[in-house]
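These are the residues of each chain, in order.
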Amino acid sequence: MNDNRELLVEVKDLKTYFFLDEGTVKAVDGADFNIRRGETLGVVGESGCGKSVTARSILNIVPKPGKTVAGEILYHRKIKGAEQTLDLTQMAPQGDEMRGIRGAEIAMVFQEPMTSLSPVHTIGNQIGEAIRLHQGLDPDTARDLAIKTLSLVGMPLPERTIDQYAHQLSGGMRQRAMIAMALSCHPSLLIADEPTTALDVTTEAQILTLMRRLQDELGMAIMYITHNLGVVAQMTERVVVMYMGKVVEQADVDTIFYDAQHPYTRALLQSIPRLGQKTHDRHRLASIKGMVPDPYALPKGCAFHPRCGAVKPGLCDQVEPTMVEIAPGHKVRCHLCANRA
Amino acid sequence: MAENGAERPLLLEVKGLKKYFPIRKGFFSTRTVGYVKAVDGVSFFIREGETLGLVGESGCGKTTTGRLILRAYEPTGGEIWFNDRKMGRVNVTNLDRQQLKQLRQNMQMIFQDPYSSLNPRMTLLQIVGEPLLVNGVARGGDLQDRVAELLRVVGLRPEYMTRYPHAFSGGQRQRIGVARALALNPQLVVCDEPVSALDVSIQAQTLNLLQDLQAEFGLTYLFVSHDLSVVEHISDRVAVMYVGKLVESARTQQLFLKPLHPYTEALLSAVPKPDPRRRTEPIVLQGDVADPANPPSGCYFHPRCRYAIERCSQEEPQLRELGEEHFVSCHRADELSLQGVASAAMAV
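Owing to the predicted nature of the structure, the values given are computational and were not obtained by experimental measurement. (Residues numbered from 1 in each chain as written. Chains lettered and ligands numbered in written order. Predicted model: local features only at pLDDT ≥ 70, side-chain atom pairs only at ≥ 80, totals over all residues.)

### Details of the overall build of chain B
Short version of the rule: Put simply, DSSP H or I for four residues or longer makes a helix, DSSP E for two residues or longer makes a strand, and each gets a number counted from the N terminus. In this treatment the radius of gyration is a C-alpha quantity, and the globule benchmark scales as 2.2 Å times the residue count to the 0.38 power. We call a residue exposed when 12 or fewer other C-beta atoms sit within 10 Å of its C-beta, buried when the count reaches 20 or more, and partly exposed for counts in between; the C-beta positions come from the backbone.
Scanning chain B from terminus to terminus reveals eleven helices and twelve strands. For 348 residues, the compact-globule formula gives about 20 Å, and the C-alpha radius of gyration of chain B, at 21 Å, lands near that figure. Along the first, second and third principal axes, the C-alpha set of chain B runs to 70 × 60 × 45 Å. The proportion of buried residues among the 348 residues of chain B is 47%.

### Focus on unusual backbone geometry
Residue and element names in this part refer to chain A. Omega for the bond connecting Lys64 with Pro65 falls within 30 degrees of zero, at 0°, which places this linkage in the cis form. Considering the arrangement of structural elements, one finds Pro65 in the loop between helix H1 (51–59) and strand E4 (66–79). Non-glycine residue Leu157 carries a positive phi angle of around 50°. Turning to its location among the elements, Leu157 is positioned in the loop between helix H5 (139–152) and helix H6 (158–161). Residue class for Leu157 comes out exposed when judged on the 10 C-beta atoms lying within 10 Å of it.

### Some thoughts on the nonpolar core
Proteins that are soluble and globular tend to have nonpolar side chains buried together. The following threshold applies: What we call a nonpolar core is a set of buried Ala, Val, Leu, Ile, Met, Phe, Trp, Tyr and Cys residues whose membership is set by joining through C-beta atoms within 7 Å. In this description, any two residues whose backbone-derived C-beta atoms lie within 7 Å of each other are considered to be in contact.
Judged by nonpolar contacts, the single largest core of 186 residues is most densely connected at Leu189(A), Met223(A) and Leu222(B). Top element by residues in this core is helix H7 (residues 171–183) of chain A. It accounts for eight residues. Those residues within four positions of Met223(A) in sequence are excluded, and the remaining contacts are Ile35(A), Leu41(A), Val43(A), Ala55(A), Leu189(A) and Ile191(A).

### Some words on the interface of chain B and chain A
For clarity, the threshold we go by: Under this grouping Gly is polar, as are all residues other than the nonpolar Ala, Val, Leu, Ile, Met, Phe, Trp, Tyr, Cys and Pro and the charged Asp, Glu, Lys and Arg.
Taken together, the 46 residues of chain B in the interface contact 44 residues of chain A. For the side of chain B that touches chain A, the secondary structure elements donating two or more residues are helix H7 (200–217), helix H8 (228–234), helix H9 (252–257) and helix H10 (262–270) of chain B. The element best represented in the side of chain B that touches chain A is H7(B), accounting for eight residues. Taken together, the residues of the side of chain B that touches chain A break down into 24 nonpolar, 14 polar and eight charged.

### Some details on the packing of H7(A) against helix H8 (residues 201–218) of chain A
All names here are of chain A. This is how it is decided: Here the axes come from fitting lines to C-alpha atoms, over the contacting stretch only for helices, and the angles between their N-to-C directions go from 0 to 180 degrees. Note on angle classes: values under 35 degrees are labelled roughly parallel, values over 145 roughly antiparallel, values of 65 to 115 roughly perpendicular, and the remainder oblique. Crossings are classed by handedness, with left-handed meaning an anticlockwise turn of the near helix from the far one by less than a right angle and right-handed meaning a clockwise turn.
In contact at an axis separation of 10 Å, H7 and H8 are set at 20° when each is read in the N-to-C sense. Viewed along their axes, H7 and H8 adopt a mutual orientation that is roughly parallel. Note that H7 runs across H8; the crossing there is right-handed. Contacts from Gly171, Gly172, Gln175 and Leu183 in H7 reach Thr203, Gln206, Ile207, Leu214 and Leu218 in H8. Its residues placed into classes, the contact of H7 with H8 shows four nonpolar, five polar and no charged.

### A look at the sheet that holds strand E11 (residues 323–327) of chain A
All names here are of chain A. Definition in use: Pairing between two strands is assigned when DSSP locates at least 2 bridges connecting them.
On the basis of which strands lie adjacent, the open sheet formed by eight strands has the order E6-E7-E8-E3-E9-E10-E12-E11 and mixed pairing. Because the sheet does not close on itself, it has two edges, and the strands there are strand E6 (106–109) and E11. The mean inter-strand angle of the sheet, taken between neighbouring strand axes irrespective of direction, is 20°. Where strand E3 (residues 40–44) meets strand E8 (residues 221–226), five bridges bridge the pair, whose relative direction is parallel.

### A word on the sheet that holds strand E4 (residues 77–84) of chain B
Residues and elements named next belong to chain B. The antiparallel open sheet is built from four strands, whose spatial order is E2-E1-E4-E5. Two strands lie at the open edges of the sheet, namely strand E2 (31–47) and strand E5 (88–91), each paired on one side alone. Averaged over all pairs of adjacent strands, the angle between their axes in this sheet comes to 20°, without regard to strand direction. Judged from the four bridges that link them, E4 and E5 form a sheet pairing that is antiparallel. Bridged to Phe82 within E5 is Val90. Packed onto the sheet, helix H2 (residues 62–69) meets strand E1 (10–25), E2 and E4 and runs at close to 115° relative to E1.

Below, the structure is given as structure tokens:
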């Protein structure tokens, strides 16, 4: 797919490892993808595939003993009309420059709104803090701006909510407060890590509608991390599928759902029950056999080969496949697709 | 399934089931200042060998309903009639301790969280064998044989018997929970969100396992879940709850294709469709779920309902049968024509 929007973030061969007593966990082991300005990118995969660590690597907040050991994260920013490219992996996590980007230019919404909001500060306090730190405004102006942001995210009675604590709000309202905090400084990239997973389906619908509206209004790029394929189909333009720390397939959303090439992507799509699909006889779901491998002892060759239905012995269990672009914008990491390039 | 289902005898019949949790004020005093009506007059039935899906959002009382049926909670009111294999048709709410122990051999539960529902200090042999031991069904070598067989049935290796739960993944732990529930060969299994903590690929394995076991042992499931796609997949009939009340129940296809309650319609529309070519257009409900301690007047759903008329805020609708086995509690159910889900073709 041709897309001439400017690049915002380029992740190149990113490797983030966790050095534990039991061994090294290669949480992210070669992630390559780009995010363009104003685009919605979906990152999909099962728990432990490295999607959250990838997001944290971009923000430079990988928890210890994790460390980005290789690769580049190029962030293209515009300052007063001048273009500037920064490699986020080279910046000090606590340095002024990184702290100036984090929260202001790249913001994040987390999965659990209860644990990611402070229980001892009011909502206004927390949103105001981001505004004061990044925009250097005085407390009164910051408060006005916080109220404005809260009404932007559809919070009922923002003048009252601003003085409430997280525990006084419902799950959906908390997530709105989180989104308000993330948006308060008009970021160019919003990373949303499973923002609706903890919510009920009708609340989820409210939040998804809200995020789509905000993106139209504010024009930021969104990196949407989720394991819910329904959310991916409805919210994203391009999709990155991850398995055991590696990007195994990436393409535009229509290609992923209608012309997926990697056996893992196909198996994932077939294993979900879909509304309206029930037939009179009970069909079985196509499940992926086995389970996600032990991160301490990854299988040799392609990490998916022990669970793959199309495995070629002697190739898939020996040689690690490389990423191949089989069509413009459609990349697959699989031996079986390699000769189609 | 649905065709021959009608002739099957009832296994469970719930009538006007209620559970009110008291709200107490003060640290030491036990002055009751109100009640959370977690379950408020719920009626439904389950036939032998079928799966009833119970759906609703968090706090709607679906889990409480499941627990009341096993009398893990004492009901505040209502009747639970169960057709026990040995005791015959009994009202669960009236049984004494001895009878309850007997009853629970035929009613078991699978829990949501496979991490907290298994004792980390017990081996698989102890976990799965406990129901057999407590009820004097098997002991010693016989017990080991039975546990080995149960583990095999749920797809685990019998050699794992001496291991502890921490050695297993989420999906495997859920299989251990299933093996424990099946140990006494129960008639009814209450599955409380059994797959919601699992990854998609593991979720499919577990759902398939539950279906295989149902076919093999003639099990009856009450399947409690908030995930409508999963419920549609596994259930013969579905019941929808909202703030402690049952608002609609029908055969699965009927409910999903032609819902009669506006809340069901909104729920179905809100599920994001895993197909980028079909845009989900959710009916976005305004506001939050009603507070079960202080519910609105009339129909509990009326403040969020886009079809609400004056009557809805004054008079509480009763559950009535509209069409064969299609129960709904909505004043306007006959006049409204609501949107269900269209039949989905497989994308891949």
